[in-house]
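Fold and contact review
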Amino acid sequence: MILGIDEVGRGPWAGPLVVGAVVLPDTHTLEGLTDSKKLTAKKRAELDVQIRESALGYGLGWVHAEEIDQVGLSAALRLATIRAVEAVDTPYHEIVIDGTINFLKETNKGSYVTTLPKADFLIPAVSAASIIAKVARDTYMEEQGIMYPEYGFGSHVGYGTAKHQKALTEYGVTPLHRRSFAPIAKMLGGEVVKSDGITVSSKKIGDDAEARVAH
């Protein structure tokens, strides 16, 4: 029994980071499971329903923009992974995380983890995790697009598209934006006050976090 884990939303300038965790039955008959980015929105939505109906267990871990800014992207990835796993209450024997970093290393589940690049192509449970996380995040961003219609969140879901950049120039930064990410930090003057009261370069926070995750 494999608990598959994958994340979506590492790179956007706005919106949450979401990690999916799924345990599928050995006898599942789901067809078309693959990296969520390779599927159409319609197919993802169909599979999302099927996964939730057939999975033995699943969970989602959310870390929103303000918390990403406070702890950095690397810690946010760990937090989201832990939260997703804690939401799964079914037994499993192995954990497979897409990528090369064991985000559960410092927990009591760390020894059960295998990291595998492209696991969302190779392991059905990881593909399923990728799909439910992306559908959940995209749905959330579409809802935010109604609240902030000028930004087009429903179409670019927070990524740094030309439309998004133009909206930022015209309307400024929303509570959804990750102020520690370099493009947003630049608009805000390049500084951010962390929770301990120390003012540091917000660009440096974002760049350091990206570097930690890359290694």
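What counts, and where the lines are drawn
- Residues numbered from 1 in each chain as written.
- Predicted model: local features only at pLDDT ≥ 70, side-chain atom pairs only at ≥ 80, totals over all residues.
- Heavy atoms only, no water.
- Salt bridge = Lys/Arg side-chain N within 4 Å of Asp/Glu carboxyl O.
- Helix = DSSP H or I, 4+ residues; strand = E, 2+ residues; numbered from the N terminus.
- Buried < 20%, exposed > 50% of the residue type's maximum accessible area, 1.4 Å probe, protein only.
- Pairing = 2+ DSSP bridges.
- Arc of directions from axis to C-beta.

**Examining the pattern of salt bridges**
- For the structure on display, the rule yields seven salt bridges.
- Linking D138 and R44 is a salt bridge whose minimum nitrogen-to-oxygen distance equals 3.7 Å. With D138 in helix α5 (residues 124–147) and R44 in helix α1 (residues 41–54), the pair connects residues that are 94 residues apart, well separated along the chain. By the burial criterion, D138 is buried, and R44 matches it.
- Linking R52 and D48 is a salt bridge whose minimum nitrogen-to-oxygen distance equals 3.1 Å. Of this pair, R52 and D48 both sit in helix α1, four residues apart, which is roughly one turn of the helix.
- Judged by relative accessible area, which is 9%, D48 ranks as buried.
- Bridged by salt links that share partners, the residues R44, K134 and D138 form one connected network.

**Concerning the pairing of strand β1 (residues 2–8)**
- Counting buried positions along β1 yields five of seven residues, so the element is predominantly enclosed.
- Of the pairings in the sheet, the one linking β1 to strand β4 (residues 94–98) comprises four bridges and is parallel in character. Within β4, the position partnered with G4 by the bridge is V96.

**Side note on helix α7 (residues 162–171)**
- Along α7, the residues that are buried comprise H164, A167 and L168. Buried residues in α7, looked at end-on, bunch into an arc of 100 degrees, giving them a common side. Among the exposed residues of α7, those oriented more than 90 degrees off its buried face are A162, K166 and T169.
- One or two positions beyond α7, positive phi appears at G172, with a value near 85 degrees.

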